[in-house]
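One-letter residues, chain by chain:
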Amino acid sequence: HRFRLGFQLLRWGMLAQRSIDFRNLALPILKKLCQTTGETVVLSVRDGNAGIWIEQIESDQAFRIAKREGVRLMLHAGASSKVLLAFLKEEEINRILTQLELVPLQKNTIVDKNELRKELQITRQRGYATSFEETDHGAMGIAAPVYDHYNKLIAGIGIVAPINRVTRDQVPAMAELVVAAGRELSTLLGATIFDRKF
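Being a predicted model, the structure only gives us computed values, none of them experimental.

Asks: I'm lost on the overall build of the protein chain in this one. Help?
Replies: If you tally the helices and strands in the protein chain, you get five helices and six strands. Put simply, the protein chain runs from its N terminus to its C terminus through helices and strands in the order α-β-β-β-α-α-α-β-β-β-α. With 198 residues in all, the protein chain has 47% of them scored as buried. Considering only contacts in the protein chain between residues 6 or more positions apart, those separated by 24 or more positions represent 62%. When the accessible area of the protein chain is evaluated, it comes to approximately 10,700 Å², of which 53% is carbon and sulfur surface.

In structure tokens, the structure reads:
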């Protein structure tokens, strides 16, 4: 008897291989973003109602923001987590928000669902997420979406920095670099759509 490999098995194999290669593919882009911004760079993915840092390149600065890889962060707080929520389809956002408990983590954590919805809308419109002291005292973040070859949100790429080094006035210039890195990684993954409408 002849064995014929079905399309679904091929697809599963491709997905498994892509997950193994994803971090290796992302590393040069993460390192370049770290060099151009001078700040710690993180790669995050969604796991249910949380975001997980799967890779980070620490800044060479004496004072820097860093967490251990694998740390889980709830999706309502921090740029690297909010980006994983903001760029989902509306029905998926609504489903997650019905389950999500908006626990206050720092003084600027968003704990009101209507306020969070407005923040997610702003994030989609400008193409990146920001945070200032939402998860850690004295820390800020900027993150952009990363898409795969199905044009599906697969990850977030971003920077984390002390707020006295990256002020709100500096966010647009830094965000341009972060968004460019997100698009570069998306392109490597085969994505073709970047100006998605939700």
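Asks: Which parts of the structure should I look at to understand helix α5 (residues 171–188)?
Replies: Count 3.6 residues to each turn of an α-helix, and residues three or four apart come out pointing the same way. Look at α5: 26 Å from first C-alpha to last across 18 residues, which is about the 26 Å you get at 1.5 Å a residue. Burial in α5 covers these residues: Val171, Met174, Ala175, Val178, Ala181, Gly182, Leu185 and Ser186. The arc enclosing the buried residues of α5, seen along the axis, measures out at 135°, which places them on a common side. Across α5 from its buried face, at more than 90 degrees, point the exposed residues Ala173 and Glu176. Within two residues after α5, glycine 190 carries a phi angle of roughly 95°, on the positive side.

Asks: I would appreciate a short explanation of the packing of helix α2 (residues 79–86) against helix α4 (residues 113–126) in the present structure.
Replies: In a packed pair of helices, the relevant descriptors are the angle between the two axes and the axis-to-axis distance. Taken N-terminus to C-terminus, the directions of α2 and α4 make an angle of 85°; their axes are 10 Å apart at the nearest point. One element, α2, and the other, α4, form an angle in the roughly perpendicular class. From α2, Lys82, Leu85 and Ala86 reach across to α4, where they touch Leu116, Glu119, Leu120, Thr123 and Arg124. In terms of residue class, the contact of α2 with α4 is built from four nonpolar, one polar and three charged.

Asks: What exactly am I supposed to notice about the environment of asparagine 164 here?
Replies: Tracing the backbone shows asparagine 164 in the loop between β6 (153–162) and α5. Measuring from C-alpha to C-alpha, the distance between asparagine 164 and methionine 140 comes to 9.2 Å, with 24 residues separating the pair along the chain.

Asks: Just to check I follow, could you spell out the packing of aromatic side chains for this structure?
Replies: Aromatic ring pairs are defined here through the distance separating the ring centres and the angle between the ring planes. Tallied over the full model, the rule gives zero aromatic pairs. For arginine 168, the ring lying beneath its charged end belongs to phenylalanine 132, and the centroid distance is 4.1 Å.

Asks: I'm lost on the nonpolar core in this one. Help?
Replies: What tends to happen in soluble globular proteins is that the nonpolar side chains get buried as a cluster. Phe22, Leu43, Ile142, Ile157 and Leu185 are the most contacted members of the largest nonpolar core, which has 30 residues in total. Looking at this core, the elements that each hand over two or more residues are α1 (7–37), β1 (40–47), β2 (50–57), β5 (139–147), β6 and α5. Among the nonpolar cores identified, the runner-up in size contains 21 residues, and Leu88, Leu97, Leu102 and Ala191 belong to it.

Asks: Help me understand helix α3 (residues 90–99) in this model?
Replies: Every buried residue of α3 is listed here: Ile93, Ile96 and Leu97. Seen along its axis, α3 keeps its buried residues to an arc of 100°; they face one direction. In α3, the exposed positions angled more than 90 degrees off the buried face are occupied by Glu91 and Thr98.

Asks: What's the story with the side chain of threonine 37 in this structure? I'm lost.
Replies: Within the secondary structure layout, threonine 37 lies in helix α1. A polar contact of 3.2 Å, which involves the side chain of threonine 37, links it to the backbone nitrogen of glutamate 39. Residues within four places of threonine 37 in sequence aside, it is in contact with Ile159, Met174 and Leu177.

Calculation notes
- Residues numbered from 1 in each chain as written.
- Predicted model: local features only at pLDDT ≥ 70, side-chain atom pairs only at ≥ 80, totals over all residues.
- Heavy atoms only, no water.
- Helix = DSSP H or I, 4+ residues; strand = E, 2+ residues; numbered from the N terminus.
- Buried < 20%, exposed > 50% of the residue type's maximum accessible area, 1.4 Å probe, protein only.
- Contact = heavy atoms within 4.5 Å.
- Areas by Shrake-Rupley, 256 points an atom, 1.4 Å probe, with all protein chains shown as cover.
- Expected span 1.5 Å × (residues − 1).
- Arc of directions from axis to C-beta.
- Axes fitted to C-alpha atoms, helices over the stretch in contact; angles between N-to-C directions.
- Parallel < 35°, antiparallel > 145°, perpendicular 65-115°, else oblique.
- Nonpolar A, V, L, I, M, F, W, Y, C, P; charged D, E, K, R; others polar.
- Phe/Tyr/Trp six-rings, centres within 6.5 Å; stacked < 30°, edge-to-face > 60°.
- Lys NZ or Arg CZ within 6 Å of the ring centre and 35° of its normal.
- Core = buried A, V, L, I, M, F, W, Y, C linked by side-chain atoms within 4.5 Å.
- Polar contact = N/O pair within 3.5 Å; in protein donor to acceptor, adjacent residues only side chain to side chain.

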